[in-house]
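Observations on the three-dimensional arrangement
As a plain string of letters, each chain reads:
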Amino acid sequence: MASNVNPAESLTTKAMDRAIDLAIAGDSPYPEHAAFVDADSPQAGHEITRALDEGYAVVLVSADGRERIVTAKTLAA
């Protein structure tokens, strides 16, 4: 039986909401231009590539809630 998933309750959405709150408070650890990507999404690779190509950093959110910030600069290192 499939469960009813509310995207508003996803860890990725919660991370993005937290980032917005921190940015408003002036205390954000996230890059100013960042795309939040669900690491378990079947489209994650495409979303990461597109975000980096468009100059965004990527906040990759894993199912366990861990976050990794990926930038084009970190990939080149």
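The structure reproduced in this document is the subject of the present report. Think of each chain on its own: its residues are numbered from 1, step by step along the sequence as written. Side-chain atom pairs in this predicted model are given and counted only at pLDDT of 80 or more, local residue features only at pLDDT of at least 70, and totals for whole chains, interfaces and linings cover all residues. Side-chain numbers come from the whole structure's heavy atoms, not from hydrogens or water.

**Describing the overall build of the chain**
Definition in use: Put simply, DSSP marks the helices as runs of H or I at least four residues long and the strands as runs of E at least two long, and each gets a number from the N terminus on. In this scheme, a residue with accessible area under 20% of its type's maximum is buried, one over 50% is exposed, and one in between is partly exposed, where area comes from a 1.4 Å probe on protein chains only. In this analysis, two residues are considered to be in contact whenever any of their non-hydrogen atoms come within 4.5 Å of each other. Accessible areas in this description were obtained via Shrake-Rupley with a 1.4 Å probe; residue shielding takes into account the shown protein chains only.
Of regular secondary structure, the chain possesses three helices and three strands. Put simply, the chain runs from its N terminus to its C terminus through helices and strands in the order α-β-α-β-β-α. Every one of the 77 residues in the chain was classed for burial, and the buried ones make up 22%. Pairs at least 24 residues apart make up 29% of the contacts formed inside the chain by residues separated by at least 6 positions. Element-wise, carbon and sulfur atoms account for 54% of the exposed surface of the chain, whose accessible area totals about 5600 Å².

**Topic: helix α1 (residues 11-25)**
In plain terms, the rule: By this rule, a helix spans an expected 1.5 Å times one less than how many residues it contains. To be clear, the arc concerns the directions from the helix axis to the C-beta atoms.
Compared with the 21 Å implied by 1.5 Å per residue over 15 residues, the 21 Å span of α1 between its first and last C-alpha is a close match. Those residues of α1 that sit buried are Thr12, Ala15 and Ala19. Down the axis of α1, the smallest arc covering the buried residues is 60 degrees, so these residues share one side. Counted as exposed and oriented over 90 degrees from the buried face of α1: Asp21, Ile24 and Ala25. In this structure, the buried side of α1 is in contact with β1 (34-38), β2 (57-61) and β3 (67-70). Where α1 ends, the next residue or the one after it, Gly26, has phi of about 80 degrees, a positive value.

**Points about the pairing of β1**
Threshold: Pairing between strands requires that DSSP locate at least two bridges from one strand to the other. By convention a crossover is right-handed if, when the strands point away from the viewer, the path from the first strand over the helix to the second runs clockwise.
For β1 and β2, the ladder comprises five bridges, and the chain directions are parallel. If you follow Ala35 over to β2, its bridge partner there is Val58. At this point the chain moves from β1, through helix α2 (residues 44-53), to the parallel β2, and the crossover so formed is right-handed.

**Things to note about α2**
Of the positions making up α2, those classed as buried are Ala44, Ala51 and Leu52. For α2, the buried positions fall inside an angular range of 95 degrees around the axis, keeping them on one side. Of the residues in α2, the exposed ones pointing more than 90 degrees away from the buried face are His46 and Asp53.

This is a description of form; function is not addressed.
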